[in-house]
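Spelled out, the chains give:
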Amino acid sequence: MENGAVYSPTTEEDPGPARGSRSRLAAYFNLGRLKLPQRVLKVLQLLLSLLAFICEEVVSQCTLCGGLYFFELVSSSAFLLSLLILIVYCTPVYDKVDAGKIKLSDFYITAGIGLVFLLASIIFVSTHDQTSTEIAATVFGFLASFMFLADFAFMFHEKRQASRLRKPETTTRAEAVTEPLNA
């Protein structure tokens, strides 16, 4: 038997640089793992936290700088963590890690970022000097924190719906148990 007869049914030709409708870098990104509302929330979180960080970086001087520095730390961390979560959901990394662990991490990270970002925005509002860039930074900070908290609420609702579907219906036994346990 010659090699061509053995290998021909199982091998295929080199598809070349483009394989199907998606090629190169676009083949690695898949936004379909997230539902549309959550996809929109994730993109808004990313965009608003970046805008809050940029506006905060434009501030040239401050009198009480503690709130500004805390807001800077939180907004940059929120941007980087939301970018990381979005990358994990949209790349093949999602397939290599347990999906349950990714969703649980996303759940807690989103809740934590939302609460800390809200706290940082409140502190920054109470300590800023009323310049337009500081006001813009706090507006974007509040909007970003609300997006994080809305995403947390969405995930919490999904989690409750999934637990209700999995929970078996409990039935109570009408007759009393009269047999001893050690019989």
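Keep in mind that this is a model prediction, so the values were computed, not measured.

### So, the nonpolar core
Working step 1: If you look at the biggest cluster of nonpolar residues, it comprises 17 residues, and the most contacted ones within it are Phe71, Ala78, Ile113, Phe117, Phe124, Ala137 and Phe148.
Working step 2: Counting residues per element, the ones that place at least two in this core are α2 (36–58), α3 (65–90), α5 (99–127) and α6 (132–166).
Working step 3: Discounting chain neighbours no more than four positions away, the residues touching Phe124 are Gly67, Leu68, Phe71, Glu134, Ala137 and Thr138.
Working step 4: Listed in part, the 10 residues of the second largest apolar core include Ile85, Leu86, Val88 and Cys90.

### As for the UniProt feature "transmembrane region" (unreviewed entry) in the protein chain
Working step 1: Residues annotated by UniProt as "transmembrane region" (unreviewed entry) correspond here to residues 77–95, 107–125 and 137–157.
Working step 2: The straight-line gap between the two end C-alpha atoms of residues 77–95 is 25 Å; of that span, 89% is helix and 0% is strand.
Working step 3: As a span, residues 107–125 carries 100% helix and 0% strand, and end to end its C-alpha atoms are 27 Å apart.

### Considerations on the pattern of salt bridges
Working step 1: With the rule as written, the count across this model stands at 4 salt bridges.
Working step 2: A salt bridge links Lys42 to Asp106; the nearest nitrogen and oxygen atoms lie 2.7 Å apart. With Lys42 in helix α2 and Asp106 in helix α5, the pair connects residues that are 64 residues apart, well separated along the chain.
Working step 3: A cluster of three or more residues bridged by salt bridges with shared partners is formed by Lys42, Asp106 and Asp151.

### Some thoughts on the state of the cysteines
Working step 1: If you walk through the whole model with that rule in mind, you get 1 disulfide.
Working step 2: Paired through a disulfide, Cys62 and Cys65 show a sulfur-sulfur distance of 1.8 Å. Its S-S torsion of approximately 110° makes the covalent link between Cys62 and Cys65 right-handed.

Conventions used here
- Residues numbered from 1 in each chain as written.
- Predicted model: local features only at pLDDT ≥ 70, side-chain atom pairs only at ≥ 80, totals over all residues.
- Heavy atoms only, no water.
- Core = buried A, V, L, I, M, F, W, Y, C linked by side-chain atoms within 4.5 Å.
- Buried < 20%, exposed > 50% of the residue type's maximum accessible area, 1.4 Å probe, protein only.
- Helix = DSSP H or I, 4+ residues; strand = E, 2+ residues; numbered from the N terminus.
- Contact = heavy atoms within 4.5 Å.
- UniProt positions renumbered as here; feature names shortened; annotations may be inferred.
- Salt bridge = Lys/Arg side-chain N within 4 Å of Asp/Glu carboxyl O.
- Disulfide = S-S within 2.5 Å.

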